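What the coordinates show
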Amino acid sequence: MFHQNLLDLLKAREPGIWITTSEEKEVMIAVKNAIDTVEEYENVYTWSLTEGINRLTTENNTIHYEQIEGPSLQKLDAMLKESNNSDLPQSRVWILKDYHLAMSNPMAIRSIRDVKECPTGRYTPIIIISPSNEVPLELQKTFKVLNYDTPSEEDIFELLNLWTNSKDITLQSREQTNIAKRLFGFTRSEILSMLNLSFIKYGTINLEIVNEKKIEIINESGVLDYKVPSASLDNVGGNHKFKEWIDVVEACMTEDAREYGIPAPKGYLSVGIPGTSKSFSAEALAGKWEMPFIKLNMAKITSRYAGETERNMYKALNLVRSCAPCVLLIDEVEKALGGYKSSNSSDSGAIARAFGSVLEFLNDNDNGVFVVMTSNDVSQLPPELTRAGRLDAIWFFGLPTKEERKQILDIHLRKANKSVEDDVLEEMAKSMEKYTGAEIELVVKSSLRRAYLEKIKTGEDKGITPEILQAASEEVVPVAVSSREQIAALENWAKNRALYANGANKEKKTRLVNVPKIEVGPGGPRREFVKVIDHNS
């Protein structure tokens, strides 16, 4: 695809082509191969701040350089103008490496404009190869931006065929498809490096080499967090409707499902009260499916430098694609992308463009990346994110029911190798009506500390008693109490907009109840009753 796009631009006689990539060596070969198919070009010249001006030739996919001049911009300017001479028998092509670094000097921009705006000049294609896609304002009408992406699945199939033939290795069709998908997102040089290393160590293709490389690249990227999941859905109490849905999604992740006509699952948005296992469920899914668990860290992606936020997002999403199949978590997405509306005035549109990259990724996501987004404040979510087709579902994680509280309490007690009688579990579950799963876990941890201190004092281990559990629960102020207005607004939003993870009836009956209100006036305290909506009827 890149080869054809580049050829089209050259044949259309575009004055300038700006190639955005970090794979300079690969791009140089790809550009030279494309240029060699066009007869009107005489020579290819390159320039860089360190190597100066070189005439470029290739032989057996190896690039050779013949130095002509040093790196000064004056020498480059002179040769560009010489190349612009209409009396030359053939056109010359110029490849300028990392030229964006020289553009702090006005002469670097003016030299190109002089060549391109000369009415009698010869067509001289100027190709800039840079990791930055920020074309200076003065040159934006001169250059077409072309991204050098990692190879497509078709390209990988072709590369894999060539490699296996050279090593006399035979792969079954399904095996080849699986390997090609695992290699998606890597550059050609990285793919060949991994295949060669695997062949040396194992005499065949071992996907563990690929997995190790993915972890290495993610850790080096600085924009993603990689974790080997240790949790499973068995560690998540309640939410039975959500778990049933996950079973359906899992059944639809196979190649057989694709052949049946079912599109690949995209993921879901989970909204709800903090501490209701929204983020933990994402990790539990990765554990259930034995997939890498990757977290997008927006704090590492945003940057004050021009163009850096967009580049970081582009890099992160490409890395995520390379890790498929995997589970990607974008936690508290409203904090990550909530400022996109004011982005044009606050950061020259950097967040808005990064948000656009995420939307494009969600639209085109059919490579096995299961995206989980969480949100505690739906009022900050842009409507583009929640429209149908971007994700498979919106789930509301609310306060656990009494049975779920009992189950959650039992899970955390068993994790600590402790147990209490069933009637104690029943009573505690009833008393912790407004508690989230995270708050119940906190009660168990506090109970463990109290039980341990009691053991130290008395020399006798009585375990976790009902009195200890009750005392520990009284130390916790539930978020449903401390932030009841926000919680009520969140629950109101979820009605008719989201699926309830615990299967609770979305059409809860509401009623007006009288609540006492005391006002102090000139005549002293006055007690009135005001009507408010009770959502818990």
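Rules behind the numbers
Residues numbered from 1 in each chain as written. Predicted model: local features only at pLDDT ≥ 70, side-chain atom pairs only at ≥ 80, totals over all residues. Heavy atoms only, no water. pLDDT = per-residue confidence, 0-100. Contact = heavy atoms within 4.5 Å. Axes fitted to C-alpha atoms, helices over the stretch in contact; angles between N-to-C directions. Helix = DSSP H or I, 4+ residues; strand = E, 2+ residues; numbered from the N terminus. Parallel < 35°, antiparallel > 145°, perpendicular 65-115°, else oblique. Left-handed = near helix turned anticlockwise from the far one by under 90°. Phe/Tyr/Trp six-rings, centres within 6.5 Å; stacked < 30°, edge-to-face > 60°. Buried < 20%, exposed > 50% of the residue type's maximum accessible area, 1.4 Å probe, protein only. Pairing = 2+ DSSP bridges. Patch = residues over 30% accessible without salt bridge, like charges linked within 9 Å, V, L, I, M, F, W, Y side chains within 5 Å. Areas by Shrake-Rupley, 256 points an atom, 1.4 Å probe, with all protein chains shown as cover. Salt bridge = Lys/Arg side-chain N within 4 Å of Asp/Glu carboxyl O. Core = buried A, V, L, I, M, F, W, Y, C linked by side-chain atoms within 4.5 Å.

Remarks on the confidence of the model for the protein chain
Averaged over all residues, the pLDDT of the protein chain equals 83, while 89% of them reach at least 70. Across residues 342-347, confidence stays below pLDDT 50; counting only partners more than four residues off in sequence or on other chains, it has six contacts.

A few points about the packing of helix H20 (residues 437-458) against helix H21 (residues 466-474)
Interaxial distance between H20 and H21 falls to 8 Å at its minimum, and their mutual angle equals 125°. Considering their axes alone, H20 and H21 lie oblique with respect to each other. For the pair H20 and H21, the crossing hand works out as right-handed. Packed against H20, whose contacting residues are Val 443, Ser 446, Ser 447, Arg 450 and Ala 451, the element H21 presents Ile 468, Leu 469, Ala 471, Ala 472 and Ser 473 at the interface.

Describing the packing of aromatic side chains
Taken as a whole and judged by the stated rule, the model has 14 aromatic pairs. Relative to Trp 94, the ring of Tyr 45 has its centre 5.1 Å away and its plane inclined at 25°; by these criteria the two rings are stacked. Here Trp 94 lies in strand S5 (residues 91-97) and Tyr 45 lies in strand S2 (residues 41-48), a separation of 49 residues in the sequence. In terms of burial, Tyr 45 and Trp 94 fall into one category: buried. Taken together, the ring pairs connect Phe 242, Trp 245, Tyr 268, Trp 289, Phe 370, Trp 395 and Phe 397 into an aromatic cluster.

Things to note about the pairing of strand S9 (residues 267-272)
The element S9 is extensively covered by neighbouring structure, given that six of its six residues are classed as buried. Burial of the side chains of S9 extends over both faces: Gly 267, Leu 269 and Val 271 are buried on one face and Tyr 268, Ser 270 and Gly 272 on the other. Relative to strand S12 (residues 369-375), S9 runs parallel, the two sharing five bridges. Directly across from Ser 270, in S12, lies its bridge partner Thr 374. Across five bridges, the pairing between S9 and strand S13 (residues 393-397) is parallel. Within S13, the residue paired with Gly 272 across the bridge is Phe 397.

With respect to a nonpolar patch on the surface
Taken together, the side chains of Tyr 452, Leu 453 and Ile 456 present a nonpolar region at the surface, about 340 Å² in accessible area. Checked against the element boundaries, Ile 456 lands in helix H20. Classification of Ile 456 as exposed rests on a relative accessible area of 52%.

A look at the side chain of Glu 491
Here Glu 491 shows up in helix H23 (residues 484-494). For Glu 491, the residues in contact, after removing those within four places along its chain, are Ile 273, Phe 396 and Tyr 500.

What about the nonpolar core?
Formed by 64 residues in total, the largest nonpolar core has its most connected members in Leu 183, Leu 224, Leu 296, Leu 328, Val 371 and Met 373. In terms of residue count, the dominant contributor to this core is helix H16 (residues 350-363) (six residues). Those residues in contact with Leu 224 that lie beyond four places of it in its chain are Ile 218, Ile 294, Lys 295, Leu 296, Ala 316, Leu 319 and Val 320. Counting 26 residues, the second largest nonpolar core, distinct from the first, contains Phe 2, Leu 10, Val 31 and Val 44.

A word on the environment of Gly 463
If you trace the backbone, Gly 463 turns up in the loop between H20 and H21. Taking the relative accessible area as the measure of exposure, Gly 463 reaches 18% and is therefore buried. The sequence separation of Gly 463 and Arg 450 amounts to 13 residues, and the corresponding C-alpha distance is 9.5 Å. Those residues in contact with Gly 463, other than ones at most four positions away along the chain, are Ala 451 and Ile 468.

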